[in-house]
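A closer look at the structure
Listed below, chain by chain, are the residues.
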Amino acid sequence: MTLDRHASDRLIHDPEGGLPRLLEIMARLRDPATGCPWDIEQDFATIAPYTIEEAYEVADAIEREAWGELRGELGDLLLQTVYHAQMASEAGHFGFAEVVRAISDKMVARHPHVFGDESRDKSAEDQTRDWERMKAAERAGAKARGTLDGIAMGLPALTRAVKLQNRAARVGFDWPSTAEVVDKITEEARELQEARATMTETEIFEEFGDLLFVIANLARHLRIDPEAALRAANAKFTRRFASIESALAHRGKRPEESDLAEMDALWDEAKRLEKAAK
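As the structure is a computational prediction, the values presented were derived from the model and not from experiment.

**A short note on the packing of helix α4 (residues 44-63) against helix α12 (residues 226-250)**
Relative orientation of the contacting elements α4 and α12 amounts to 60°, with a least axis distance of 12 Å. One finds that α4 runs oblique with respect to α12. Remark: the crossing between α4 and α12 carries right-handed chirality. On α12, the residues that touch Y56, A59 and E63 of α4 are E227, R231 and A232. Partitioning the contact of α4 with α12 into residue classes produces three nonpolar, no polar and three charged.

**Some points on the packing of aromatic side chains**
One pass over the full model with this rule turns up three aromatic pairs. Centroid distance F237 to F241: 6.0 Å. Interplanar angle 15°. Geometry classified as stacked. Taken together, the positions of F237 and F241, both in helix α12 and four residues apart, correspond to about one turn of that helix. Exposure remark for F237: the relative accessible area of 49% places this residue in the partly exposed category. Ring pairs connect the aromatic residues F237, F241 and W267, which therefore count as one cluster.

**Topic: the pattern of salt bridges**
When charged atoms on two side chains of opposite charge get close, those side chains can pair. Per the counting criterion, the structure on display carries 14 salt bridges. As a salt-bridge pair, R251 and E262 come within 2.7 Å of each other at their nearest N and O atoms. One end of the pair, R251, is in the loop between α12 and α13 (260-277); the other, E262, is in helix α13, with eleven residues separating them in the sequence. You can call E262 buried: its relative accessible area is 18%. A single network of salt bridges, built from pairs that share partners, joins R5, D9 and R28.

Calculation rules
- Residues numbered from 1 in each chain as written.
- Predicted model: local features only at pLDDT ≥ 70, side-chain atom pairs only at ≥ 80, totals over all residues.
- Heavy atoms only, no water.
- Axes fitted to C-alpha atoms, helices over the stretch in contact; angles between N-to-C directions.
- Helix = DSSP H or I, 4+ residues; strand = E, 2+ residues; numbered from the N terminus.
- Parallel < 35°, antiparallel > 145°, perpendicular 65-115°, else oblique.
- Left-handed = near helix turned anticlockwise from the far one by under 90°.
- Contact = heavy atoms within 4.5 Å.
- Nonpolar A, V, L, I, M, F, W, Y, C, P; charged D, E, K, R; others polar.
- Phe/Tyr/Trp six-rings, centres within 6.5 Å; stacked < 30°, edge-to-face > 60°.
- Buried < 20%, exposed > 50% of the residue type's maximum accessible area, 1.4 Å probe, protein only.
- Salt bridge = Lys/Arg side-chain N within 4 Å of Asp/Glu carboxyl O.

Written out as structure tokens, the structure is:
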């Protein structure tokens, strides 16, 4: 339903307007005659990078347990859904209500143990297998597709690697245990080191990619999210390097005025203090 200007203004300035308020704000921002020139110029392709960025900012707030920030980050992410839905509505593809209906239908269909008559007496692992089975059935019902089809190209590379490997594993293409994966990592790393002097830059690039892919497979076998693990490692490195800088500042020095031996000793001290604090 399209609101007249007075009703639209009243809703937009109503702090209790909820989701209808946000939808109306986006519609007004995209209005060709009176909207924001920047918002009017955007399309799906230009907004998609912001969508990905906002999802990462949500993950970052959760990682830091910054619950006050999380509220705002979730709002930013919700805006991305509203933005895409508004553009889709303008193009005649679908509207926000259809987005809500689609995800609601999917959640009901994929949780028969909650919304249907199936037993809830299942482990989380059982439910994950059921979920994957239903997803596979949905893909098969849509049209004949390859095993690896439908995995989004825009996913972070480590995440997509794990999804590709999971999909291949479901049809039996997988190492039987973690030991074989570790052996493969050792093999790939050794080959990269030994042949580096004789490889072209392109070959080194390819071999390094192969090594990362096998490491992602190890994460899958260990049931670790490699993206989350790497984010945690990044945070740890940032935290410990900040400790090095702080310690050097107390000595009247900057990192570029130090050397590796001194900074490595300070790193070990930061590591020791962290472990003691735990």
